[in-house]
Amino acid sequence: GWGGGKTTLLNRINNEFLKSRVGFDAVIWVTVSRPANVEKVQQVLFNKLEIPSNNWEGRSEDERKEAIFNVLKMKKIVVLLDDIWEPLDLFAVGIPPVIDGNKSKVVFTTRFSTVGHDMGAKGIEVKCLAWEEAFALFQTYVGEDANILIHIYQSWRRLLPKSVTVSPSPSKS
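Per an unreviewed UniProt entry, the protein goes by the name Resistance protein candidate and belongs to Vitis riparia.

This is the structure we're talking about:
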C-alpha cells in the first residue's frame, strides 16, 4: 500500500548491506517506478558495475543485457529494486535467474502482490502499524514536541467544517 514503509525498509536493508557487505561484492539500488524501463535499469547497473564503455555505447538492449549478465554471473551482488509497479523482466535487464544457491540476490518493493507473484518472488507483506504503535514511533523521533503537534492537529481539525474530509490523495474533478 501507499506509505507502508516499503522504501524505508529497503533503505535499511541497503544500509546494512553497505555496512557489513556480508560477502557481497556490491550492493546496487535502482528506483524503477513506472513505467518499468529496462534501459533505465540497465543504465544504473552499467554505472554501478563499471562496465567498460566500449561494451555499452551504441549497443542494443540485448547486447547491454549480455554485458550486465556476464559481470553479474561472476560476482556476488545484491540488487535492490524499489517501487516496481508492473512486472519487470529481470532476464531482459541482464540479471541472472535467482535460484537457491545462486551467488546474487534480488530484493524489490512493490505495492501490488500480483507484481511479486508474476515475477516469481517469495513475498513478504509489510503491513501498516496500528495507530498506537505508529504514535509511539512518532514520539520516539519527535520527542516531547509530539504532544504539542498532536494538540495543534486536534485544534486544527475542530476548525474544519463538518462537510470537509481530509484525505491523503485529493480526488480529481
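Draft legend 1. Geometry of the packing of aromatic side chains. Tallying each qualifying case throughout the model produces four aromatic pairs. Seen from their ring centres, Phe69 and Phe91 are 6.2 Å apart, and the 75 degrees between their planes marks the pair as edge-to-face. With Phe69 in helix 3 (residues 61-72) and Phe91 in helix 4 (residues 90-93), this residue pair connects regions lying 22 residues apart in the sequence. Phe69 gets classed as partly exposed once you look at its relative accessible area, which sits at 23%. One cation-aromatic arrangement involves Arg34 over Trp85; the distance from NZ or CZ to the ring centre is 3.6 Å. Taking NZ or CZ as reference, Arg64 lies 5.7 Å from the ring centre of Trp56, over its face.

Draft legend 2. Up close: the nonpolar core. Among the nonpolar cores identified, the biggest contains 27 residues, and Val41, Leu45, Leu49, Leu81, Leu88 and Ile95 are the most heavily contacted of them. At five residues, helix 2 (residues 38-49) tops the list of elements feeding residues into this core. Setting aside chain neighbours within four positions, we find Val41 in contact with Val30, Val32, Leu81, Leu88 and Val93. Grouped together as the second largest cluster of nonpolar side chains are six residues, Leu10, Phe17, Phe24 and Leu80 included.

Draft legend 3. Helix 2, seen in detail. Taking 1.5 Å per residue, twelve residues should reach 16 Å; helix 2 reaches 16 Å between its end C-alpha atoms and fits that length. For helix 2, the full list of buried residues reads Val38, Val41, Gln42, Leu45, Phe46 and Leu49. One face of helix 2 carries all of its buried residues, which in axial projection span an arc of 140 degrees. Here the buried face of helix 2 lies against strand 1 (26-33), helix 3, strand 2 (77-84) and helix 4. By the N-cap criterion, in which a side-chain oxygen at the helix start approaches the backbone nitrogen of a residue two or three places on, helix 2 is capped by Asn37, the distance to Glu39 being 2.9 Å. Just beyond helix 2, the residue with positive phi is Glu50, at close to 55 degrees.

Draft legend 4. The packing of helix 2 against helix 3, seen in detail. Packing of helix 2 against helix 3 brings their axes to within 10 Å, and their N-to-C directions diverge by 40 degrees. On the basis of the axis angle, helix 2 is oblique to helix 3. At the point where helix 2 passes helix 3, the crossing takes the left-handed sense. Residues Val38, Glu39, Gln42, Leu45 and Leu49 of helix 2 touch helix 3, and the partners they reach there are Glu61, Arg64, Lys65, Ile68, Val71 and Leu72. Its residues assigned to classes, the contact of helix 2 with helix 3 comprises six nonpolar, one polar and four charged.

Draft legend 5. Quick look at the pattern of salt bridges. Under the defined criterion, the tally for this structure stands at two salt bridges. A salt bridge links Lys19 to Glu16, with the nearest nitrogen and oxygen atoms 3.2 Å apart. One end of the pair is Lys19 and the other is Glu16, both in helix 1 (residues 6-20) and three residues apart, which spans about a single turn. A relative accessible area of 44% means that Glu16 is categorised as partly exposed. Residues Asp83 and Arg111 are paired through a salt bridge, measuring 3.9 Å at the closest nitrogen-oxygen approach. Taken as a pair, Asp83 in strand 2 and Arg111 in the loop between strand 3 (105-110) and helix 5 (113-118) lie far apart in primary sequence, 28 residues in all.

What counts, and where the lines are drawn
Residues numbered from 1 in each chain as written. Predicted model: local features only at pLDDT ≥ 70, side-chain atom pairs only at ≥ 80, totals over all residues. Heavy atoms only, no water. Phe/Tyr/Trp six-rings, centres within 6.5 Å; stacked < 30°, edge-to-face > 60°. Helix = DSSP H or I, 4+ residues; strand = E, 2+ residues; numbered from the N terminus. Buried < 20%, exposed > 50% of the residue type's maximum accessible area, 1.4 Å probe, protein only. Lys NZ or Arg CZ within 6 Å of the ring centre and 35° of its normal. Core = buried A, V, L, I, M, F, W, Y, C linked by side-chain atoms within 4.5 Å. Contact = heavy atoms within 4.5 Å. Expected span 1.5 Å × (residues − 1). Arc of directions from axis to C-beta. Polar contact = N/O pair within 3.5 Å; in protein donor to acceptor, adjacent residues only side chain to side chain. Axes fitted to C-alpha atoms, helices over the stretch in contact; angles between N-to-C directions. Parallel < 35°, antiparallel > 145°, perpendicular 65-115°, else oblique. Left-handed = near helix turned anticlockwise from the far one by under 90°. Nonpolar A, V, L, I, M, F, W, Y, C, P; charged D, E, K, R; others polar. Salt bridge = Lys/Arg side-chain N within 4 Å of Asp/Glu carboxyl O.

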